[in-house]
Amino acid sequence: TYLNVETMKPTKKWMEIHDLPVTCIAARPTHLPLPGEEEEGINVDVMSASADNRLSKLTLQRRSRRKNRNGSGGGGIAGLGLGMLEFLFSLWFLFFACLGVFLAILMQLSWETCGDEISSKDIIAVKECIWSTVLWAPSDRPGVAFPPH
(Lines give C-alpha, C1' and ligand atoms only; values in the text may rest on other atoms or scores of the structure.)
Protein backbone atom coordinates (compact mmCIF):
# COMPACT_ATOMS: atom_id res chain seq x y z
CA THR A 1 0.00 0.00 0.00
CA TYR A 2 1.29 3.44 -0.93
CA LEU A 3 0.38 6.02 1.75
CA ASN A 4 0.07 9.77 1.36
CA VAL A 5 2.07 11.23 4.28
CA GLU A 6 0.02 14.40 4.53
CA THR A 7 -3.35 12.70 4.86
CA MET A 8 -2.07 9.27 6.01
CA LYS A 9 -4.49 7.58 3.65
CA PRO A 10 -3.71 4.90 1.06
CA THR A 11 -3.01 6.33 -2.39
CA LYS A 12 -2.71 3.05 -4.22
CA LYS A 13 -2.76 -0.66 -3.35
CA TRP A 14 -1.03 -3.51 -5.16
CA MET A 15 -2.35 -6.96 -4.40
CA GLU A 16 -0.04 -10.00 -4.10
CA ILE A 17 3.06 -8.84 -5.93
CA HIS A 18 5.48 -11.11 -4.07
CA ASP A 19 5.05 -14.76 -3.09
CA LEU A 20 7.20 -14.43 0.04
CA PRO A 21 7.21 -11.61 2.62
CA VAL A 22 8.67 -8.26 1.57
CA THR A 23 12.11 -7.65 3.07
CA CYS A 24 12.97 -4.23 1.65
CA ILE A 25 11.09 -1.20 0.31
CA ALA A 26 12.63 1.90 -1.22
CA ALA A 27 10.59 4.95 -2.26
CA ARG A 28 11.79 7.92 -4.25
CA PRO A 29 10.93 11.18 -2.49
CA THR A 30 11.65 13.49 -5.42
CA HIS A 31 10.81 13.15 -9.05
CA LEU A 32 14.30 13.01 -10.53
CA PRO A 33 14.64 10.93 -13.67
CA LEU A 34 16.25 7.54 -13.10
CA PRO A 35 18.20 5.70 -15.79
CA GLY A 36 15.83 4.02 -18.25
CA GLU A 37 12.71 6.01 -17.34
CA GLU A 38 12.89 8.32 -20.35
CA GLU A 39 13.06 5.37 -22.78
CA GLU A 40 10.22 3.48 -21.11
CA GLY A 41 8.07 6.48 -20.26
CA ILE A 42 7.24 5.14 -16.78
CA ASN A 43 8.36 6.73 -13.51
CA VAL A 44 9.29 4.18 -10.84
CA ASP A 45 8.00 5.48 -7.49
CA VAL A 46 8.63 2.47 -5.26
CA MET A 47 10.86 -0.60 -5.44
CA SER A 48 10.30 -3.61 -3.23
CA ALA A 49 12.20 -6.84 -2.72
CA SER A 50 11.02 -10.12 -1.22
CA ALA A 51 12.76 -13.00 0.53
CA ASP A 52 13.01 -14.93 -2.76
CA ASN A 53 15.13 -12.14 -4.34
CA ARG A 54 12.35 -10.84 -6.56
CA LEU A 55 12.34 -7.12 -7.30
CA SER A 56 9.20 -5.17 -8.03
CA LYS A 57 9.06 -1.71 -9.58
CA LEU A 58 5.83 0.09 -8.72
CA THR A 59 4.41 3.30 -10.14
CA LEU A 60 1.47 5.60 -9.56
CA GLN A 61 1.11 6.27 -13.28
CA ARG A 62 -1.87 4.85 -15.11
CA ARG A 63 -0.33 5.13 -18.59
CA SER A 64 3.05 5.56 -20.17
CA ARG A 65 4.10 9.03 -21.31
CA ARG A 66 5.25 7.58 -24.64
CA LYS A 67 2.69 7.63 -27.43
CA ASN A 68 4.12 4.92 -29.71
CA ARG A 69 6.38 2.04 -28.77
CA ASN A 70 8.51 0.69 -31.62
CA GLY A 71 5.77 1.13 -34.19
CA SER A 72 3.28 -1.14 -32.43
CA GLY A 73 -0.11 -0.15 -31.16
CA GLY A 74 -0.89 2.32 -33.92
CA GLY A 75 -3.86 2.26 -36.20
CA GLY A 76 -4.15 1.29 -39.82
CA ILE A 77 -1.97 -1.17 -41.70
CA ALA A 78 1.22 -0.04 -39.98
CA GLY A 79 -0.27 -0.99 -36.63
CA LEU A 80 -1.19 -4.51 -37.74
CA GLY A 81 2.40 -5.64 -37.67
CA LEU A 82 4.29 -7.74 -40.16
CA GLY A 83 3.04 -11.02 -38.68
CA MET A 84 -0.61 -10.15 -39.28
CA LEU A 85 0.06 -9.06 -42.86
CA GLU A 86 1.93 -12.29 -43.55
CA PHE A 87 -1.01 -14.27 -42.12
CA LEU A 88 -3.54 -12.41 -44.29
CA PHE A 89 -1.35 -12.87 -47.37
CA SER A 90 -1.11 -16.61 -46.63
CA LEU A 91 -4.90 -16.85 -46.32
CA TRP A 92 -5.44 -15.08 -49.64
CA PHE A 93 -2.78 -17.24 -51.30
CA LEU A 94 -4.40 -20.42 -49.94
CA PHE A 95 -7.84 -19.28 -51.14
CA PHE A 96 -6.65 -18.54 -54.68
CA ALA A 97 -4.57 -21.72 -54.82
CA CYS A 98 -7.63 -23.83 -53.89
CA LEU A 99 -9.74 -21.93 -56.42
CA GLY A 100 -7.13 -22.53 -59.13
CA VAL A 101 -6.94 -26.25 -58.37
CA PHE A 102 -10.74 -26.49 -58.44
CA LEU A 103 -10.93 -24.70 -61.81
CA ALA A 104 -8.14 -26.86 -63.27
CA ILE A 105 -9.93 -30.06 -62.23
CA LEU A 106 -13.21 -28.67 -63.59
CA MET A 107 -11.63 -27.81 -66.94
CA GLN A 108 -9.97 -31.23 -67.26
CA LEU A 109 -13.17 -33.09 -66.36
CA SER A 110 -15.19 -30.88 -68.73
CA TRP A 111 -12.80 -31.55 -71.61
CA GLU A 112 -12.85 -35.31 -70.97
CA THR A 113 -16.65 -35.50 -70.65
CA CYS A 114 -17.85 -32.82 -73.07
CA GLY A 115 -15.02 -32.80 -75.64
CA ASP A 116 -17.33 -33.35 -78.61
CA GLU A 117 -19.59 -30.43 -77.64
CA ILE A 118 -16.59 -28.16 -77.03
CA SER A 119 -15.14 -29.12 -80.45
CA SER A 120 -18.44 -28.29 -82.16
CA LYS A 121 -18.36 -24.80 -80.57
CA ASP A 122 -22.07 -24.93 -79.80
CA ILE A 123 -22.30 -22.75 -76.67
CA ILE A 124 -25.74 -24.00 -75.60
CA ALA A 125 -24.72 -27.65 -75.96
CA VAL A 126 -21.47 -27.01 -74.05
CA LYS A 127 -23.34 -25.26 -71.24
CA GLU A 128 -25.93 -28.03 -71.01
CA CYS A 129 -23.27 -30.76 -71.04
CA ILE A 130 -21.10 -29.14 -68.38
CA TRP A 131 -24.08 -28.27 -66.16
CA SER A 132 -25.93 -31.60 -66.38
CA THR A 133 -22.94 -33.95 -66.61
CA VAL A 134 -19.93 -32.36 -64.89
CA LEU A 135 -21.36 -30.06 -62.23
CA TRP A 136 -24.87 -31.27 -61.44
CA ALA A 137 -26.49 -34.66 -61.79
CA PRO A 138 -30.21 -34.73 -62.66
CA SER A 139 -32.50 -36.43 -60.20
CA ASP A 140 -33.56 -39.08 -62.73
CA ARG A 141 -29.99 -40.35 -63.12
CA PRO A 142 -29.55 -43.81 -61.57
CA GLY A 143 -28.03 -43.69 -58.09
CA VAL A 144 -28.89 -40.04 -57.42
CA ALA A 145 -32.41 -40.19 -55.96
CA PHE A 146 -32.01 -43.72 -54.54
CA PRO A 147 -28.76 -45.59 -53.96
CA PRO A 148 -28.35 -48.67 -56.18
CA HIS A 149 -29.10 -52.05 -54.53
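Residues numbered from 1 in each chain as written. Predicted model: local features only at pLDDT ≥ 70, side-chain atom pairs only at ≥ 80, totals over all residues. Heavy atoms only, no water.

(A) Main features of helix α5 (residues 123-135). All of the buried residues in α5 are Val 126, Cys 129 and Val 134. Mapping the buried residues of α5 onto a view down its axis gives an arc of 70°, with all of them on the same face. Exposed residues pointing more than 90 degrees away from the buried face of α5 are listed as Ile 124 and Lys 127. (Buried < 20%, exposed > 50% of the residue type's maximum accessible area, 1.4 Å probe, protein only. Helix = DSSP H or I, 4+ residues; strand = E, 2+ residues; numbered from the N terminus. Arc of directions from axis to C-beta.)

(B) Examining the packing of aromatic side chains more closely. Summed over the entire model, instances satisfying the criterion amount to four aromatic pairs. Considering the side-chain rings of Trp 92 and Phe 95, the 6.1 Å spacing of their centres and the 90° angle between planes classify their relative orientation as edge-to-face. With Trp 92 and Phe 95 both in helix α3 (residues 82-113) and three residues apart, the pair spans about one turn of that helix. We classify Phe 95 as partly exposed; its relative accessible area is 48%. With a centroid separation of 6.1 Å and an interplanar angle of 5°, the aromatic rings of Trp 131 and Trp 136 are classed as stacked. Here the aromatic cluster, defined as three or more aromatic residues joined through ring pairs, consists of Trp 92, Phe 95 and Phe 96. (Phe/Tyr/Trp six-rings, centres within 6.5 Å; stacked < 30°, edge-to-face > 60°.)

(C) The arrangement of the sheet that holds strand β4 (residues 46-50) in detail. In spatial order, the strands read β3-β4-β5; together these three strands make up an open sheet with antiparallel pairing. Looking at the sheet topology across the chains shown, the edges are occupied by β3 (22-27) and β5 (55-58). Looking at each pair of strands side by side, their axes are set apart by 15° on average, direction ignored. Summarising the sheet, β4 and β5 pair through four bridges and their orientation is antiparallel. Its bridge partner lying in β5, Ser 48 is registered against Ser 56. (Pairing = 2+ DSSP bridges. Axes fitted to C-alpha atoms, helices over the stretch in contact; angles between N-to-C directions.)

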